[in-house]
Amino acid sequence: RFENCGSRGAFIVLEGLDRSGKTSQSSAMVSYLEGLGHPTELWRFPDRTTSIGQMISAYLSNQSQLDDHTIHLLYSANRWEKSSLMETKLKSGTSLIVDRYSYSGVAFSSAKGLDCEWCKAPEIGLLAPDLVLYLDISPEKAAERGGYGGERYEKLEFQRKVAQCYQTLHDSSWKIIDACQPIDEVQKQLQEIVLEHVKACKNGRPLSHLWR
Ligand code: Z5A
């Protein structure tokens, strides 16, 4: 479903496996767009600053145990609690670069064995991104980048399943970027694609909603 809203900010999501470079590329993108005079904010999910986010954070660091369905719904609630602010920001002309969104929710939970359609259901109606940048890297290469082992999902076998689940989610809003290239090269490719979308949104591209 589409909604006309004149000139607005672009909603851009970065997705990918752990260590694919989302965090590095998201912050570089915000600096780039700000430098060009486009008001931009960096967001990330889970947003660990809210009380729901703190429950998720405790789960991720193995300080609490939750049923797979329960944690899935908490991730979803964490997006819903931010959704009206997200819409306000976009409509006021601020672009949002978002590190992980619903696709992480569906890919990680279905990798645990939950039904994909069940995973999508609580996400129906959330704002849909204008563009999803998927930083493509094999689970083996990502693991070589180091730092694995701290949080709950940082296991090679599980990341392989997540990669397979992500592949079922691609649609026309996705661009797949080879994340094994040098950081600067990835950044350059992302900048070209993002700038095009920021301009299109300024020209009044309508907002839409997920999975309707
Ligand atoms: N999760 C979920 O289950 N359901 C949901 O709905 C949501 C999330 C939203 C949160 O993790 C966990 O929650 C996540 C999914 C799940 N689970 N896992 N696992 P997070 O987002 O807080 O953290 P993360 O995804 O694990 O982020 P990360 O490990 O920080 O990875 P990254 O942001 O993609 O990469 P990075 O920090 O930019 O880079 C990692 C390292 O690689 C760093 O040393 C860089 O310098 C290096 N790097 C980056 N790019 C390159 C290139 N191109 N070449 C060489 N080295 C590079």
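- As named in an unreviewed UniProt entry, the chain is Thymidylate kinase, taken from Jatropha curcas.
- Recorded under Pathway (unreviewed entry), the UniProt text for the chain is reproduced unchanged: "Pyrimidine metabolism; dTTP biosynthesis."

**Description of the site of the ligand**
Working step 1: In the region of the ligand, 24 residues are neighbours, and Gly-21, Thr-23, Ser-24, Gly-105 and Phe-108 sit closest.
Working step 2: Only helix H1 (22-35), helix H4 (102-111) and helix H8 (183-202) provide two or more residues apiece to the shell around the ligand.
Working step 3: Grouping the amino acids of the shell around the ligand by side-chain chemistry returns 10 nonpolar, 7 polar and 7 charged.

**Notes on the environment of Leu-66**
Working step 1: Locating Leu-66 in the fold gives a position in the loop between helix H2 (51-60) and helix H3 (68-91).
Working step 2: For Leu-66, a count of 14 C-beta atoms within 10 Å translates into the label partly exposed.
Working step 3: Not counting chain neighbours up to four residues away, the residues in contact with Leu-66 comprise Tyr-59 and Ile-71.

**Concerning the nonpolar core**
Working step 1: Core analysis: the largest hydrophobic core is formed by 37 residues, its most contacted members being Ile-12, Val-98, Ala-107, Leu-133, Leu-135 and Ile-177.
Working step 2: Of all elements in the fold, only strand S2 (11-16), H1, strand S4 (95-99), H4, strand S5 (127-128), strand S6 (131-136), helix H7 (156-167) and H8 reach the threshold of two or more residues within this core.
Working step 3: Residues contacting Leu-133, with those up to four places away along its chain left out, are Ile-12, Leu-14, Lys-175, Ile-177, Leu-190 and Ile-193.

Scoring rules and cut-offs
Residues numbered from 1 in each chain as written. Predicted model: local features only at pLDDT ≥ 70, side-chain atom pairs only at ≥ 80, totals over all residues. UniProt positions renumbered as here; feature names shortened; annotations may be inferred. Near = placed C-beta within 6 Å. Helix = DSSP H or I, 4+ residues; strand = E, 2+ residues; numbered from the N terminus. Nonpolar A, V, L, I, M, F, W, Y, C, P; charged D, E, K, R; others polar. Buried ≥ 20, exposed ≤ 12 C-beta atoms within 10 Å, placed from the backbone. Contact = placed C-beta atoms within 7 Å. Core = buried A, V, L, I, M, F, W, Y, C linked by C-beta atoms within 7 Å.

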